[in-house]
Amino acid sequence: MGRAEAPCALIVMGVSGSGKSTVAKALGERLGWRFEDGDSFHPASNVEKMRAGHPLTDEDRWPWLNAIADEIARVCGRGEHVIIACSALKHAYRDVLLRGRDDVRFVFLKGTKELIAERLAQRKGHFMPPGLLASQFETLEPPEPGEHVITVSIDETVEAIVDGIVRQLKLGATPKVLP
């Protein structure tokens, strides 16, 4: 199996509670790439809305998605690498994030509503209340093969999930050295 050219950005996506941040951080450590939590790109109004238990509208999401896309463009333009945890639930959202780029890959963390609800119930201190999980699944448009996606099941350990992602990326055992 040959090594593939590393994408400049990986977007670890899925519904709230699927493990995006945990997996993205671990993947960043494995590859030696910088990790960014997509939540940090939300305007304060979005965070307050979610904290109050109200799902975001598309109008709420466009500035957030564009801010992430701007960061991806900046990082890729500098020849660097980044892993971003971002829900990216709809095809249209992923289109905004990609902006037609072919050097960005999505990593879809796929899990059952029951498993994710159990994880959310145990999570403390996050602004996304478990009650919004249903709206996340209603919004989710699972990525299709043409969307530069790697799909992994979340019913394994974080280490096994990261192993599976690295294997599917075909980057080999040693990541591309960063400048």
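Going along each chain's sequence as written, the residues are numbered from 1 onward. Note on the predicted model: pLDDT of at least 70 is required for a residue's local features to be given, and 80 or more for side-chain atom pairs to be given and counted; whole-chain, interface and lining totals, by contrast, use all residues. Side-chain numbers come from the whole structure's heavy atoms, not from hydrogens or water.

1. Considerations on the overall build of the protein
- Along the backbone of the protein there are seven helices and five strands.
- Each helix is a run of DSSP H or I of at least 4 residues and each strand a run of E of at least 2, with the numbering of both proceeding from the N terminus. In the protein, the order of α-helices and β-strands from amino to carboxyl end is β-α-β-α-α-β-α-β-α-α-β-α.
- The classification of residues rests on relative accessible area computed with a 1.4 Å probe and restricted to protein chains. Under 20% of the type maximum is buried, over 50% is exposed, and intermediate values are partly exposed. Here the protein, with 179 residues, has 44% of them falling under the buried criterion.
- Long-range pairs, those at least 24 residues apart, make up 80% of the contacts in the protein between residues at least 6 apart in sequence.
- Computed by Shrake-Rupley with a 1.4 Å probe, the accessible areas treat only the displayed protein chains as cover when residues are assessed. Looking at the protein as shown, the accessible area adds up to about 8800 Å², and 52% of this sits on carbon and sulfur atoms. Any two residues whose heavy atoms approach within 4.5 Å are treated as being in contact.

2. Structural notes on the state of the cysteines
- Any two cysteine sulfur atoms within 2.5 Å of one another count as a disulfide. Following the criterion strictly, the structure yields one disulfide and no others.
- The disulfide partner of C8 is C76, and the S-S distance across this bridge is 1.8 Å. Note on the C8 and C76 pair: the S-S dihedral is about 80°, so by sign convention the disulfide is right-handed. Taken together, the residues span a long stretch of sequence, with C8 in the segment before β1 (9-13) and C76 in helix α3 (residues 58-77) at a distance of 68 residues. C76 matches C8 in its accessibility class, with the two residues each being buried.

3. Comments concerning the pattern of salt bridges
- Salt bridge, as applied in this entry: a Lys or Arg side-chain nitrogen positioned within 4 Å of an Asp or Glu carboxyl oxygen. Evaluation of the coordinates by the stated rule reveals 11 salt bridges.
- Beyond isolated ion pairs, a larger network of salt bridges with shared partners links R34, E36, E71 and R74.

4. A look at the pairing of β1
- Within β1, five of the five residues are buried, leaving the element largely enclosed by the surrounding structure.
- Residue alternation in β1 divides its side chains into two sets, A9, I11 and M13 and L10 and V12, and both sets are buried.
- By this definition, two strands are paired if DSSP reports at least two bridges between them. Looking at chain direction, β1 and strand β3 (residues 82-85) are connected through four bridges and run parallel. From the neighbouring strand, V12 faces β3, where its bridge partner is A85.
- With five bridges connecting them, β1 and strand β4 (residues 104-110) associate as parallel partners. Pairing of V12 across the sheet is with V107, part of β4.

5. A look at the side chain of D60
- Inspection of the secondary structure assignment puts D60 in helix α3.
- Leave out the neighbours within four places in its chain, and D60 touches N46, K49 and P55.

6. Points about the sheet that holds β1
- Pairing in this open sheet of five strands is parallel, and the strands run β2-β3-β1-β4-β5 from one edge to the other. Where the open sheet ends on each side, the last strands, each with one partner, are β2 (34-37) and β5 (149-153). Each strand of the sheet is rotated relative to its neighbour by a mean of 20°, with strand direction disregarded.
- Bridge count for β2 against β3 is four bridges, and the pairing is parallel. Paired with D37 across the bridge in β3 is A85.
- Here, axes are lines fitted to C-alpha atoms. For helices the fit covers the stretch in contact, and angles between N-to-C directions go from 0 to 180 degrees. This element, helix α7 (residues 158-169), spans β1, β4 and β5 of the sheet and lies at about 155° to β5.

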